[in-house]
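Per-entry structural report
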Amino acid sequence: MLPDDLPAVVRVHQLAFRGFFLDRMGPAFLRGYYRAVLDWTGAIALVAQTSAGVQGFAVGFADPDGFYRHFRARRRRLIPAILLALIRRPSLLADILRNARRVEVAQGAEPGVVELSSIATAAPGRGIGAVLVQAFCAEAFGQGAVAVALTTDRDDNGVVRDFYERHGFKHVGHESRGERVLCCYRLARP
Ligand SMILES: CC(C)(COP(=O)(O)OP(=O)(O)OC[C@H]1O[C@@H](n2cnc3c(N)ncnc32)[C@H](O)[C@@H]1OP(=O)(O)O)[C@@H](O)C(=O)NCCC(=O)NCCS
């Protein structure tokens, strides 16, 4: 992922994660988020591209707590985007506060475990996700990771859970986030 890819990455994110928190925060906030990803040296940030442009992306971190510290350190520059989001949707306030608290608390990630935080494609079901997840894991293991970890919704999410399981991820537990229950998946280095 390069700075020039940001507009397309934001578009793919909006399409793939419609209605989720970051999408509801609006394109300016999303752009700030992915800009922070690009500026964080510990990120693995990949795009899948054809002649028609960016078709998908995969983003993750060897040290997610480090990334969230980096993200918090630049929150001042996100204030205009946050205010804009609140003017458009005042009901976002509770979610903003909840998410701000969540990134304050260190998750205590295990050393050597790379977190796949976000993967999305503009047109699902065409094999782009397969290319991205394989490239992401190859990059993580190439950098010395012992495992790739991710979380995804447990409920009404069979297609995505099957997708990860077909790529070798093992279901290792659950995590609650507000009313959402997330499945934790892990792929060990081959
Ligand atoms: C999850 C995601 C990244 C997978 O990417 P993708 O390009 O659809 O992946 P692929 O085409 O390689 O594989 C999808 C598989 O699911 C199957 N599938 C069935 N119904 C499908 C549907 N409605 N949409 C997508 N894939 C579907 C495909 O046929 C394919 O099966 P196969 O592996 O047997 O060929 C993509 O679907 C996506 O962006 N989803 C929305 C965002 C999201 O939920 N991301 C994950 C957050 S944890």
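Since we're looking at a predicted model, the values are computed, not measured.

**Let's talk about the sheet that holds strand 5 (residues 170-177)**
- Spatially, 1-2-3-4-6-5 is the arrangement adopted by the 6 strands of the open sheet, whose pairing is mixed. A strand with exactly one partner marks an edge of an open sheet, and here the two such strands are strand 1 (43-50) and strand 5. Strand-to-strand, the axes of this sheet are offset by a mean angle of 25°, without reference to chain direction.
- Packing against the sheet, helix 7 (residues 128-142) makes contact with strand 1, strand 2 (53-61), strand 3 (113-121), strand 4 (147-153) and strand 6 (180-188), and its axis sits at approximately 160° to strand 3.
- Here helix 8 (residues 158-166) sits on the sheet and contacts strand 3, strand 4, strand 5 and strand 6; the angle it forms with strand 4, its principal contact strand, is near 165°.

**As for the packing of aromatic side chains**
- Scanning the entire structure with this criterion turns up 12 aromatic pairs.
- Note on F29 and F71: the rings are 6.2 Å apart at their centroids and 90° apart in plane angle, and the pair reads as edge-to-face. A residue pair is termed long-range when its members are at least 10 positions apart, and F29 in helix 3 (residues 27-39) and F71 in helix 4 (residues 64-73) qualify at 42 residues. As far as the burial class goes, F29 and F71 line up, both buried.

**Observations concerning the site of the ligand**
- Within the structure, the ligand sits among 19 residues, and I119, T121, G125, G127 and G129 are positioned closest to it.
- Put simply, the parts of the chain that give the shell around the ligand at least two residues each are strand 3, helix 7, strand 4 and helix 8.
- It is helix 8 that contributes the most residues to the shell around the ligand, 5 residues altogether.
- When the residues that make up the shell around the ligand are grouped by side-chain class, the tally is 11 nonpolar, 6 polar and 2 charged.

**Points about the pairing of strand 6**
- Pairing of strand 4 with strand 6 involves 7 bridges; the strand directions are antiparallel. Its bridge partner lying in strand 6, D153 is registered against L182.
- In this sheet, strand 6 lies alongside strand 5 in antiparallel orientation, the contact comprising 7 bridges. Across the sheet, S176 pairs through a bridge with V181, a residue of strand 6.
- Between strand 5 and strand 6, which pair antiparallel one after the other, the connecting turn spans 2 residues, and G178 there sits at a positive phi close to 60°.

**Some words on empty space enclosed by the protein**
- Under the criterion given, the structure shown has 1 cavity of 30 Å³ or more.
- Within this model, the largest cavity holds a volume of roughly 30 Å³.
- As for the largest cavity, its lining consists of M25, G26, P27, A28, F29, A81, L84, A85 and R88.
- Elements that contribute at least two residues to the lining of the largest cavity include exactly helix 3 and helix 5 (79-88).
- Broken down by element, the lining of the largest cavity gets its largest block of residues, 4 residues, from helix 5.
- Here the residues of the lining of the largest cavity are counted per class, giving 7 nonpolar, 1 polar and 1 charged.

**Digging into helix 4**
- Among the 10 residues in helix 4, 8 count as buried, and that is most of the element.
- Restricting attention to buried positions, one finds in helix 4 the residues P64, D65, G66, F67, Y68, H70, F71 and R72.
- Looking at the buried side of helix 4, the elements it contacts are helix 3, strand 2, helix 6 (93-104) and strand 3.

**Comments concerning a nonpolar patch on the surface**
- Together, I79, L83 and I87 make up an exposed nonpolar region whose accessible area comes to about 310 Å².
- Inspection of the secondary structure puts I79 in helix 5.

**Re the pairing of strand 1**
- For strand 1 and strand 2, the ladder comprises 8 bridges, and the chain directions are antiparallel. Across the sheet, Q49 pairs through a bridge with V54, a residue of strand 2.
- Linkage of strand 1 to strand 2, two consecutive antiparallel strands, is achieved through a turn of 2 residues.

The rules behind the values
- Residues numbered from 1 in each chain as written.
- Predicted model: local features only at pLDDT ≥ 70, side-chain atom pairs only at ≥ 80, totals over all residues.
- Heavy atoms only, no water.
- Pairing = 2+ DSSP bridges.
- Helix = DSSP H or I, 4+ residues; strand = E, 2+ residues; numbered from the N terminus.
- Axes fitted to C-alpha atoms, helices over the stretch in contact; angles between N-to-C directions.
- Contact = heavy atoms within 4.5 Å.
- Phe/Tyr/Trp six-rings, centres within 6.5 Å; stacked < 30°, edge-to-face > 60°.
- Buried < 20%, exposed > 50% of the residue type's maximum accessible area, 1.4 Å probe, protein only.
- Near = heavy atom within 4 Å.
- Nonpolar A, V, L, I, M, F, W, Y, C, P; charged D, E, K, R; others polar.
- 1 Å grid on protein atoms, 1.4 Å probe; cavity = no way out; pocket = protein on both sides within 12 Å on 5 of 7 lines; lining within 4 Å.
- Points joined across faces, edges and corners; volume = space filled by probe spheres on them.
- Patch = residues over 30% accessible without salt bridge, like charges linked within 9 Å, V, L, I, M, F, W, Y side chains within 5 Å.
- Areas by Shrake-Rupley, 256 points an atom, 1.4 Å probe, with all protein chains shown as cover.
- Salt bridge = Lys/Arg side-chain N within 4 Å of Asp/Glu carboxyl O.

Taken by themselves, the reported measurements are silent on function.
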